[in-house]
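# Overview (structure and organization)
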Amino acid sequence: HLNDSFAQAAGFRGRVSHGALLCAYLSSLIGTQLPGPGCFWLKQQLNWRAPVFVGNTVVITVRVKHKSAGTNILLLSVEARNQDDTVVMDGEGAVALPSAGANRD
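A brief look at the structure comes next. Treat the numbers as computed from the prediction; the structure is a model and nothing was measured.

The rules behind these values
- Residues numbered from 1 in each chain as written.
- Predicted model: local features only at pLDDT ≥ 70, side-chain atom pairs only at ≥ 80, totals over all residues.
- Heavy atoms only, no water.
- Helix = DSSP H or I, 4+ residues; strand = E, 2+ residues; numbered from the N terminus.
- Rg over C-alpha atoms; globule rule 2.2 N^0.38 Å.
- Buried < 20%, exposed > 50% of the residue type's maximum accessible area, 1.4 Å probe, protein only.
- Contact = heavy atoms within 4.5 Å.
- Areas by Shrake-Rupley, 256 points an atom, 1.4 Å probe, with all protein chains shown as cover.
- Polar contact = N/O pair within 3.5 Å; in protein donor to acceptor, adjacent residues only side chain to side chain.
- Pairing = 2+ DSSP bridges.
- Axes fitted to C-alpha atoms, helices over the stretch in contact; angles between N-to-C directions.

## Thoughts on the overall build of the protein chain
Along the protein chain, the regular secondary structure elements total 2 helices and 4 strands. What you see for the protein chain is a C-alpha radius of gyration of 16 Å, clearly larger than the 13 Å of a compact globule of 105 residues, by over 25%. Oriented by its inertia axes, the alpha-carbon framework of the protein chain measures out at about 55 × 25 × 20 Å. Each of the 105 residues in the protein chain was classed as buried or not, and the buried ones make up 31%. Partitioning the intrachain contacts of the protein chain with sequence separation of at least 6 by distance along the chain shows that 52% fall at a separation of at least 24. Surface summary for the protein chain: the accessible area is close to 6600 Å², and the carbon and sulfur share equals 53%.

## Focus: the side chain of Asn 56
Looking at where Asn 56 falls in the secondary structure, it is placed in the loop between β1 (40-48) and β2 (58-68). Among the polar contacts made by the side chain of Asn 56, one reaches the main-chain amide nitrogen of Phe 53 at a distance of 2.9 Å. Residues within four places of Asn 56 in sequence aside, it is in contact with Arg 13, Pro 51 and Gln 83.

## Some words on the sheet that holds β2
Read across the sheet, 4 strands follow the order β1-β4-β3-β2 without closing on themselves; strand pairing throughout is antiparallel. Each of the sheet's edge strands pairs with one partner strand only, and the pair in question is β1 and β2. On average, each strand axis in the sheet is inclined to that of its neighbour by 20°, with strand direction left out of account. Across 10 bridges, the pairing between β2 and strand β3 (residues 73-82) is antiparallel. Bridge pairing links Thr 61 to Glu 79 in β3. On the sheet, helix α2 (residues 19-32) packs against β1, β2, β3 and β4 (87-96) and is oriented at approximately 140° with respect to β1.

## Thoughts on the environment of Leu 34
Tracing the backbone shows Leu 34 in the loop between α2 and β1. Taking the relative accessible area as the measure of exposure, Leu 34 reaches 25% and is therefore partly exposed. For the pair Leu 34 and Leu 2, spaced 32 residues apart in sequence, the C-alpha to C-alpha distance is 32 Å. When near neighbours in sequence (up to four residues on either side) are disregarded, Leu 34 contacts Leu 29, Val 62 and Val 64.

## Considering the environment of Thr 61
With respect to the helices and strands, the residue Thr 61 is situated in strand β2. Between the C-alpha atoms of Thr 61 and Leu 76, which are 15 residues apart in sequence, the distance is 10.0 Å. Setting aside its immediate chain neighbours within four residues, Thr 61 contacts Ser 77, Val 78 and Glu 79.

So this is what it looks like as structure tokens:
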């Protein structure tokens, strides 16, 4: 992830961004926007479909697949696409919503 020569020897055109960086962006999205503050990220399964190179632009989309009224859990689908509209990551996760009146800090 840090050395162009190593990445090229491994068959890439240059350094590849670490997948944990996309996970951090996804975590920020879940914790601030969908569903937002107070939620608990319960699980996440991700597939790395294509490399993300230094300098790429990536858009992450999260969609609600199902909401359980009984458990207050959302099942989410996740997709990340680069500037060429290539899917670079996808997967599914689960998030628990805060109970009504819970402190969201």
